[in-house]
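Take a look at the letters that make up each chain.
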Amino acid sequence: MHAFLTVIGRFHPLIVHLPIGFILVVLLIDFYKKYFKESEKVLKFILLWTIISCFLSLISGYLQYQQEGYLWETIQGHFYFGILTLLWSIGFYFFLQRQKFLIRIPRLFFSLSLLVSLLLTGHLGGSITHGEDHLTEPLKELSSTFLGDENSEFKLQLKEENYRDMQMYTSVIVPILSQKCISCHNPKKTKGELQMHTYQALQIGGKNGPIVNYEDPEQSELFLRIHLPKGEKKHMPPKSKKQ
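Here the structure is a predicted model, which is why all the values come from computation and not from measurement. (Residues numbered from 1 in each chain as written. Predicted model: local features only at pLDDT ≥ 70, side-chain atom pairs only at ≥ 80, totals over all residues. Heavy atoms only, no water.)

Q: Sorry, what's going on with the overall build of the protein here?
A: Helix and strand counts for the protein come out as 11 helices and two strands. Element order for the protein, N to C, with α for helix and β for strand: α-α-α-α-α-α-α-α-α-β-β-α-α. Considering only residue pairs separated by 6 or more positions, the protein has 55% of its internal contacts joining residues 24 or more positions apart. As displayed, the protein offers around 16600 Å² of accessible surface, 63% of which is attributable to carbon and sulfur atoms. (Helix = DSSP H or I, 4+ residues; strand = E, 2+ residues; numbered from the N terminus. Contact = heavy atoms within 4.5 Å. Areas by Shrake-Rupley, 256 points an atom, 1.4 Å probe, with all protein chains shown as cover.)

Put into structure tokens, the structure is as follows:
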């Protein structure tokens, strides 16, 4: 049963794109409704499938959270806004059905509410998958390019007079891991079941075993991954992140 629920949960990234597409089509048709014949019937049909796909997305997403070991604090915002998106879809559907208790609400309210909840749900979902700075990180790089501050990121500087006294892990390795790796490999987000936020976690490795080979360091998975061509799927950090 556990394996079956895990399979359903892993369909979430696929299923969740259905309501996104349906809602975008609903908003486009609603915006240009005067150009469509019987737009109300089309909208009701698409909204019905929006409701069904939203519900399936919530179920599969919750199963993925339960089976894959995500922390509730990590997914709760995404989950709640997903529920809100479902509720706005239901409300818009019954508004088009001319339900008395909804007719007095402006039509634009439902369209804007759906758009906002969709954007927030998608953003929070992206934060789970790609890290909290998945939108702001490219903007920081873009601004640094325009402002001529491309070299402002962390640079390791070892002074000749005291470099031998520095602790290798805390003074050299941790700053690099913090900037390049830990956003995707931490207790809240463990891609590949790998955590890198502590020395102990780094030693344990991920689902494929240890990432550090103490007998032959240059054959370590960590070393090999960062030296793969950027186009390779297994290259780390991902090509969208700072190299």
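Q: I keep staring at the pattern of salt bridges and nothing clicks. Help me out?
A: If the charged atoms of two oppositely charged side chains come close together, the side chains can form a pair. Going through the model one piece at a time under the given rule, you end up with five salt bridges. Between Arg-107 and Asp-30 there is a salt bridge, with its nearest N and O atoms 2.7 Å apart. A residue pair is termed long-range when its members are at least 10 positions apart, and Arg-107 in helix α7 (residues 107-130) and Asp-30 in helix α3 (residues 17-31) qualify at 77 residues. In this structure Arg-107 comes out as buried when scored by relative accessible area, which is 18%. Judged by relative accessible area, which is 7%, Asp-30 ranks as buried. (Salt bridge = Lys/Arg side-chain N within 4 Å of Asp/Glu carboxyl O. Buried < 20%, exposed > 50% of the residue type's maximum accessible area, 1.4 Å probe, protein only.)

Q: Would you explain the packing of α3 against helix α4 (residues 39-68) in this entry?
A: Geometrically, a packed helix pair is captured by the angle between its two axes and the distance between the axes. One can describe the packing of α3 onto α4 by two numbers: an axis separation of 8 Å at closest approach and a directional angle of 160°. Classified by the interaxial angle, the pair formed by α3 and α4 is roughly antiparallel. Handedness of the crossing formed by α3 with α4: left-handed. Of α4, the residues touching α3 (which contributes Leu-18, Pro-19, Phe-22, Ile-23, Val-25, Val-26, Ile-29 and Asp-30) are Ser-39, Val-42, Leu-43, Ile-46, Leu-47, Trp-49, Thr-50, Ser-53, Cys-54 and Ser-57. Residue composition of the contact of α3 with α4, by class: 13 nonpolar, four polar and one charged. (Axes fitted to C-alpha atoms, helices over the stretch in contact; angles between N-to-C directions. Parallel < 35°, antiparallel > 145°, perpendicular 65-115°, else oblique. Left-handed = near helix turned anticlockwise from the far one by under 90°. Nonpolar A, V, L, I, M, F, W, Y, C, P; charged D, E, K, R; others polar.)

Q: Before we go on, may I ask you to explain a nonpolar patch on the surface in this structure?
A: Side chains of Phe-45, Leu-48, Trp-49, Ile-52, Phe-55, Leu-56 and Ile-59 sit close together on the surface and give an oily, nonpolar patch of about 670 Å² of accessible area. With respect to the helices and strands, the residue Phe-55 is situated in helix α4. (Patch = residues over 30% accessible without salt bridge, like charges linked within 9 Å, V, L, I, M, F, W, Y side chains within 5 Å.)

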